[in-house]
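Below, each chain spelled out in residue letters.
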Amino acid sequence: VTARFIFKRCFKPTIAWALIFGIYVASKGIGFVASYPSLVARQKIAESFSSNIGIELLLGRAPLNAATGAYVAWNTLGVMVVIGGIWAISLATKYFRGEEDTGRAELLASGQTSARGYAANILIGLFAGLAALFVVISALFILIGNYKGLNFSVSSSLYFAFSTVLGISIFMLFGALISQIMPTRSRAVAISSIFLGICFGLRAVGDITSYHFLANLSPLGWVENLKPLSSSQPVWLIPILTLVVVLAGLTIYFAGNRDIGEGMFSDNDSAKPRLVLLRSPFLATFRLTWANNIGWFVSFALIGVLLGLMTKTASAVFGQSASAEKVLANLIHKARLSNALTFTSMILFIVLIIVMVYVANGLMAIRREESSGLLDNYLVLPYSRLRWLGSRISMLVVSVVIIGLIVLIGMWAGMAVLHTALNFDLLFKSTINSLVPVIFTLGLGIFGFGLWPRLTGFFSYSLTGWSFLLSMIASGIHLNHWLLDTSILNQISLAPAVSPNWSGDVILLGLAVILMLIGIMGFNNRDLKSE
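Residues numbered from 1 in each chain as written. Predicted model: local features only at pLDDT ≥ 70, side-chain atom pairs only at ≥ 80, totals over all residues. Heavy atoms only, no water.

(A) Structural context of a nonpolar patch on the surface. Residues Leu451, Trp452, Leu455, Phe458, Ile507, Leu511, Val513, Ile514, Leu517, Ile518 and Met521 make up a contiguous nonpolar surface patch of about 1,000 Å² in total accessible area. By residue number, the principal contributor to the nonpolar patch is helix H20 (residues 502-524), which donates 7 residues. Mapped onto the secondary structure, Phe458 falls in helix H18 (residues 456-474). When its relative accessible area of 55% is taken as the criterion, Phe458 is described as exposed. (Patch = residues over 30% accessible without salt bridge, like charges linked within 9 Å, V, L, I, M, F, W, Y side chains within 5 Å. Areas by Shrake-Rupley, 256 points an atom, 1.4 Å probe, with all protein chains shown as cover. Salt bridge = Lys/Arg side-chain N within 4 Å of Asp/Glu carboxyl O. Helix = DSSP H or I, 4+ residues; strand = E, 2+ residues; numbered from the N terminus. Buried < 20%, exposed > 50% of the residue type's maximum accessible area, 1.4 Å probe, protein only.)

Okay, structure coming up:
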C-alpha cells in the first residue's frame, strides 16, 4: 500500500522530468549535428572544448574525439544528473522526513508493517518512479538516436538512460538516509544539498587540475567515467551500485532504530527563551532566515569570484571557437560579440537562474508557514496579514539586492586580479538588468500565493524551469519566436554583451508590481489554506 501510494504521488512529476531530459538531449544532439556536419568541424570544436577550463568546470572533462555520441553525453549527462539529483533529494526528504514532520506518516506506518518495512516500501515506491523515468527516457533516447547523423544504437541509448537514472538514484538514497538521521526535513535537505555540492566540487577540481584522482572520489565523477554513447566504461558501475546498495541498506537499518517523527540526532526538548528580534514580523523573519541567507550569500560570493577569475581564460577560448561563439550568439541574440563581454553575460545568465531558484524557494517557505499553521501564531497577535506578508516580501527583495551586490563585487574583484576588469559602472548596470526577471518571478509567485496558494511552487518553479529550458534548446536549434517569447529570459537583453533594454525592464517591473498587488489583495481576502 505504501509503495503504491508513493509511486502514484511521484509518477506525474517523474514523467515531466523525463520529457524535459528528452527535449534537452534532442536539442543538444540535433543542434550539434546541424551546426557541425563534417568530421573536421567536429574535431575542431572538440579540441576547443578540451582546452576550455570554464566549460570543463561546469560540464566535466571534454571528450578528445569528435564522435557525436561523446559530445552529446558530455554535454548532457552531468547536467541531467545534477538537476535530477536536486529533484530526487527533494522527493526523498519529502516522503521520509517531510511526511513525518506533518504527522501523516503515522497513518501509513500504523498498518500491518514494521518501521523497517515501512521505510523499505517508501524506497520501493521511489525506485518504481525511477524505473518509470528510465523507461520513458530510454524510449526518447532511442528515438533521438535514430536522427540522421546521431545514430545511437539501442544498447547505447539504454546504457545512457541507465547511467542517468543511476546517478540520480545516488542522491535520492542519500536524502533518504539523512532523513533518518536529521530531526527535520529542512536539515535533511541542507545536508543532502551540501553533499551534492561537495560531489560537484570534487568532480570539477579533478577535471580542471592535475589532481584527477579527486574526480574519482566523487559519485559524479563515477557517473562521468561511465562514458555512455562512446568508449563506455561499465566497470564504474561497480562503485555506483555498491554505494546504492549501502545507502539503501543503511536507510532501512536506521529506520528501525528510531521512533517515527524523531531522528537519530534529536532536538533538545527544552531551551531557554531568546526573545531577541521577535518584536515584529520583519525582525522575526530575519531571525528565522539569517543562517540560511548567509549560506546563500557566501555561495554567491564564491561563485562571483570564481567566475570572475575564469573570464580571461574563457574569453580567449571563446575567441578561438566559432562554434562556441555561434551558440552564445543564439543565446544572447547578437551576431558579433566581444569575448569578455560575452562570457560576462554568460556569468550573469547562470547567476540569474540560480537567484530565480532562490526566490522560488523563498516563496515556498512563505507557503509552508501558512500550510503548516505557523502563520496562525502571528495573526493571533496584533499583526495584520498584510504586515506579515509584507515582511516576507521585503526580506526576499532585500536578500536579492544583497545577492546582486555580492555577485557584482565578487566578479569585479576576480576580474581585477587577472587584470581583465570591465568598467564597474557597466557591470553594475548589467547586474541590475539581470535582476529584473528575478523580481518578476517574485511577483508571479505572490500572485499565485494570493489566489491559488497550493500552486505557489508551480507558478515560481515553472517560470524558472520553462525559461531555462527554452534558452538551452534555443542555443542549439532554431525555435519559433512566439514560443521563445513565453520565456521571461527572452524578454530582457543579456547585458553587457547587449545594451540593457531599460524600457522593457520597466514594463516587466510594472507587471511584477501589478501581479504582486493582486496577490497581496487576494491573500488578504481569502481563508487560510493548509496542505
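(B) Main features of unusual backbone geometry. Its identity is not glycine, yet Lys227 carries a phi of approximately 45°, on the positive side. Examined against the element boundaries, Lys227 turns out to sit in the loop between helix H9 (219-226) and helix H10 (237-255). Take Lys227: its relative accessible area is 32%, and that puts it in the partly exposed class.

(C) Main features of the nonpolar core. In terms of nonpolar packing, the biggest core is built from 71 residues, with Leu126, Leu133, Ile137, Phe141, Phe160 and Phe171 touching the most fellow members. Within the residue set of this core, elements represented by two or more residues are helix H1 (2-35), helix H4 (68-101), helix H5 (105-109), helix H6 (115-145), helix H7 (154-181), helix H8 (185-208), H9 and H10. With sequence-adjacent residues up to four places away left out, Phe160 is seen in contact with Val25, Ala73, Thr76, Leu77, Met80, Phe141, Pro228 and Leu229. By size, the runner-up hydrophobic cluster in this structure holds 50 residues, among which are Phe300, Tyr378, Leu396 and Met411. (Core = buried A, V, L, I, M, F, W, Y, C linked by side-chain atoms within 4.5 Å. Contact = heavy atoms within 4.5 Å.)

(D) Structural view of the environment of Thr251. Along the chain, Thr251 falls in helix H10. Spatially, the C-alpha atoms of Thr251 and Leu123 are 9.1 Å apart, while their sequence positions differ by 128 residues. The contacts of Thr251, once residues within four sequence positions are left out, are Phe96, Leu123, Leu173, Ala176, Leu177 and Gln180.

(E) Quick peek at H4. Taking 1.5 Å as the rise per residue, H4 with 34 residues should run 50 Å; its terminal C-alpha atoms sit 48 Å apart, in good agreement. Taken as a whole, H4 carries its principal kink of about 45° at Lys94. With respect to burial, H4 is a largely interior element, 27 of its 34 residues being buried. Phi for Gly103, located one or two positions after H4, is positive at around 85°. (Expected span 1.5 Å × (residues − 1). Bend = angle between axes of the 7 residues up to and from the residue.)

(F) Just the environment of Met346, in detail. Inspection of the secondary structure puts Met346 in helix H13 (residues 339-371). Each C-alpha atom of the pair Met346 and Leu307 lies 9.7 Å from the other, and the pair is 39 residues apart in sequence.

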